[in-house]
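# Per-entry structural report
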Amino acid sequence: MNQEKKLWGGRFSDQTDSRMFNLSKSTQFDWRLALIDVLQTSVHVKGLHKSGLVSDQEKDIIISNLSEIYKDIDQDKIQPDERDEDVHTVIERVLENRIGKVAGKIRAGRSRNDQIVTDLKIFLRLSAREISSEILELIKELNNQAMDNLDQLSPGFTHLQHAQPVSLGHEINKHSFSLLRDIQRFTDWDKRIDQSPLGSAALAGTSLISDPLWIAKQLGFSQISDNSIDAVSDRDFVAEYLFICAMTSIHLSKLAEEIILMSTSEFNYLKLDDSFSTGSSIMPQKKNPDAAELARGKTGRFIGNLNSLLITLKALPFAYNRDLQEDKEVVFDSHDNLILILKAFTGMISTMKFNKNRLKESAIKSHSLATEVADYLVRKNIAFADAHEISGNCVKLAETLNKEVHELSINEFKFAQQLAHAIIDQNYSALNLQLIVAEQDQKIIAYSWLERGIYMPYSDDEIAEARFVHVNQQLSQRQRMTLSAQILQQWEIWTRVCNIPIIISSTIRESQTAFLRLHESAGYRVRGSIAMKRIDIH
């Protein structure tokens, strides 16, 4: 094998065995960092120039050729070949072919150890913003569904059993908040990793770079790493990134499971759009929720990627070890698959339709109003322990009579109380509260039996109080929706002013940072999105 170009080898007498080289080479996956590596190299050369190690003429030649190399890589005109060990080797080889030995100056004051961790940090910060942007799009569709169904009754479940009726909007909106926490995790994580490792060299730092903080700021970091040995060996930030991806996938898996259940004929709570469903090759009637099932299935992949890295990191001594080459494939896999899932989920959520009649009918099944019976008795100054027993007796009696608990007559309710040896308030009256609500045209969230159109013992004087309570509950829910929207807005503002150059969806504009301005002056301009394989630049 021809080994014309290596970034090391002076002290070796024999060439690397091809079997060793095949194990060592990483271009099959780290080539994905090529554009970032070129940009990083451009900044590094300017740092060398500031330190007096590269002349004005050399700087201009190197940077102008790096700009051309960048464009050629972006257009797939440059690819690794069998001689290249890694992404850094390719770029130096191509640069040397174009400008000669002066290309070798780019290696001064820099090791592949700090070079690759810098590339990876930049990639992950870009990735975190791309993922967060896609999460935002999904949250917006969830919130649209939640607001459209805020007044829709729905069964609430615990232990996968009917628990209490809730607002369907409230049920949907819970997923927005779990996903917002994932964005907040990325935000907190980004603050922790806002340190440039470049200048740490192999492990001991370098005296050749006079102003590493200037270089850090050009790369979008606000500070340099505190400890050079830690900087080149640290992969905590990768593990955290993979954890956030895994946590996000778990949240999506939970949502997926609910969609799968609710779309079955047994539940019949929602229908998925044909454009986000698939069929069976043998059963013509089938309409399968494959987007949700595939997302649920991929969750194990994200968790596996995290576990894989954690096991790799276990017991690595001192500074950089070659084991850390294994940090990139799991990152790229998690990034690609999470983006894939989020895009499909956003479309699936935006197009699904709820069976509102079925939801309303199901909301008060399985004695789901038993808690309201107990709460009513508490308002009548009965201890909750006794109220709980009375309500339980009501459920027992209703099951015997093949009724729902709210369908018991006043005499049956009294009989259940007597079974529990409790005091009966003689002022109870059975009211058709659905008619009362309809007559007064109350449009409030259905959180208790009051507006669910059921028969319950409740005095006229208490109706006004209950209505006031539930109007407040409605306001509370709308306030929560507003809070969700405010958090989204705050996140978008944060991404606009963040100090690295990435805005990855149409909802967020390009950021104006030192990093962007620097490379615009050199002929680079970042636009659009950090795609799955490269930064789009022209």
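These figures come from a predicted structure and were not determined experimentally.

Looking now at the overall build of the protein. For the protein, the helix and strand inventory stands at 19 helices and 8 strands. Per-residue burial for the protein yields a buried fraction of 53% across its 538 residues. Counting contacts in the protein only where the partners sit at least 6 residues apart, residues at least 24 apart contribute 76% of the total. Accessible surface, the protein as shown: approximately 24700 Å² in total, 51% of it carbon and sulfur.

Positionally, Lys25 belongs in the loop between helix H1 (18-24) and helix H2 (27-30). Asp81 is the oppositely charged side chain nearest to the buried, salt-bridge-free Lys25, at an N-O distance of 7.2 Å.

Okay, the nonpolar core next. Of all hydrophobic cores here, the largest spans 70 residues; its most connected members are Leu124, Ile131, Trp189, Tyr241, Ile259 and Phe345. Counting only elements with at least two residues in this core, the list comes to helix H3 (34-50), helix H6 (112-148), helix H7 (168-192), helix H8 (212-218), helix H10 (236-262), helix H11 (290-313) and helix H12 (327-351). Considering every element that reaches this core, the biggest residue donor is H6, with 15 residues. Dropping the residues within four chain positions of it, Ile131 is found in contact with Phe186, Tyr241, Cys245, His335, Leu338, Ile339 and Leu342.

Attention now moves to the packing of H7 against H10. Where H7 contacts H10, the two axes come as close as 10 Å, and the packing angle between them is 175°. Relative to H10, the element H7 lies roughly antiparallel. Across the contact of H7 with H10, the residue classes break down as 11 nonpolar, 4 polar and 9 charged.

Once that is clear, we can look at the pairing of strand E1 (residues 153-158). Pairing of E1 with strand E2 (residues 161-167) involves 5 bridges; the strand directions are antiparallel. Its bridge partner being in E2, Ser154 is matched across the sheet by Val166. Hairpin connection from E1 to E2: 2 residues lie between these consecutive antiparallel strands, with His159 at a positive phi of about 55°.

Mapped onto the secondary structure, Ser277 falls in the loop between strand E3 (270-271) and H11. Using a relative accessible area of 15% as the deciding quantity, one classes Ser277 as buried. Remark: the alpha-carbon pair of Ser277 and Ala291, spanning 14 residues in sequence, is separated by 6.9 Å. Not counting residues up to four positions away in its chain, the partners in contact with Ser277 are Leu272, Lys287 and Asn288. Side-chain polar atoms of Ser277 contact the backbone oxygen of Asp273, separated by 3.0 Å.

What follows deals with helix H13 (residues 356-363). What sets the pattern is the α-helix's 3.6 residues per turn: residues three or four places apart point alike. Buried within H13 are the following residues: Leu359, Ser362 and Ala363. Each buried residue of H13 lies within a common arc of 105° when the element is viewed along its axis, so the set occupies one face. Tucked inside the fold, the buried residues of H13 contact E1, E2, H7 and strand E4 (353-354).

What follows covers unusual backbone geometry. In this model, Phe318 sits at a positive phi of 55°, which is unusual for a non-glycine residue. Along the polypeptide, Phe318 turns up in the loop between H11 and H12. At Asn402, a residue that is not glycine, the phi angle is positive and equals roughly 60°. Along the chain, the position of Asn402 falls in the loop between helix H15 (384-400) and helix H16 (410-419).

In this structure the tally under the stated criterion is 6 aromatic pairs. Ring centres of Phe123 and Phe332 lie 5.1 Å apart, and the angle between their planes is 80°; this geometry places the pair in the edge-to-face category. With Phe123 in helix H6 and Phe332 in helix H12, this residue pair connects regions lying 209 residues apart in the sequence. The pair Phe123 / Phe332 is uniform in exposure class, with both members buried. Taking 5.3 Å as the distance between ring centres and 90° as the angle between the ring planes, the aromatic pair formed by Phe267 and Tyr269 counts as edge-to-face.

Moving on to the side chain of Arg32. Checked against the element boundaries, Arg32 lands in the loop between H2 and H3. When its relative accessible area of 16% is taken as the criterion, Arg32 is described as buried. One polar contact links Arg32 to Asp336, side chain to side chain, over a distance of 2.5 Å.

The full count for this structure, using the stated rule, is 27 salt bridges. Ionic pairing is found between Lys105 and Glu58, a salt bridge with its closest N-O pair at 3.0 Å. Of this pair, Lys105 sits in the loop between helix H5 (87-99) and H6 while Glu58 sits in helix H4 (residues 56-74), and the two are 47 residues apart along the sequence. Linked by salt bridges that have partners in common, Asp81, Arg83, Asp84 and Arg93 make up one network.

To continue, consider the environment of Val45. Position of Val45 among the secondary structure elements: in helix H3. Expressed as a C-alpha distance, the spacing of Val45 and Ala108, which sit 63 residues apart in the sequence, is 9.1 Å. Here Val45 is in contact with Lys59, Ile62, Ile63 and Ile106, once residues within four sequence places are set aside.

When pLDDT is averaged across the protein, the result is 78; 75% of the residues are at 70 or more. Scored below 50 in pLDDT, residues 487-538 makes 142 contacts in the model with residues more than four places away or belonging to other chains.

Basis of the calculations
- Residues numbered from 1 in each chain as written.
- Predicted model: local features only at pLDDT ≥ 70, side-chain atom pairs only at ≥ 80, totals over all residues.
- Heavy atoms only, no water.
- Helix = DSSP H or I, 4+ residues; strand = E, 2+ residues; numbered from the N terminus.
- Buried < 20%, exposed > 50% of the residue type's maximum accessible area, 1.4 Å probe, protein only.
- Contact = heavy atoms within 4.5 Å.
- Areas by Shrake-Rupley, 256 points an atom, 1.4 Å probe, with all protein chains shown as cover.
- Lys, Arg positive; Asp, Glu negative; His and termini not counted.
- Salt bridge = Lys/Arg side-chain N within 4 Å of Asp/Glu carboxyl O.
- Core = buried A, V, L, I, M, F, W, Y, C linked by side-chain atoms within 4.5 Å.
- Axes fitted to C-alpha atoms, helices over the stretch in contact; angles between N-to-C directions.
- Parallel < 35°, antiparallel > 145°, perpendicular 65-115°, else oblique.
- Nonpolar A, V, L, I, M, F, W, Y, C, P; charged D, E, K, R; others polar.
- Pairing = 2+ DSSP bridges.
- Polar contact = N/O pair within 3.5 Å; in protein donor to acceptor, adjacent residues only side chain to side chain.
- Arc of directions from axis to C-beta.
- Phe/Tyr/Trp six-rings, centres within 6.5 Å; stacked < 30°, edge-to-face > 60°.
- pLDDT = per-residue confidence, 0-100.

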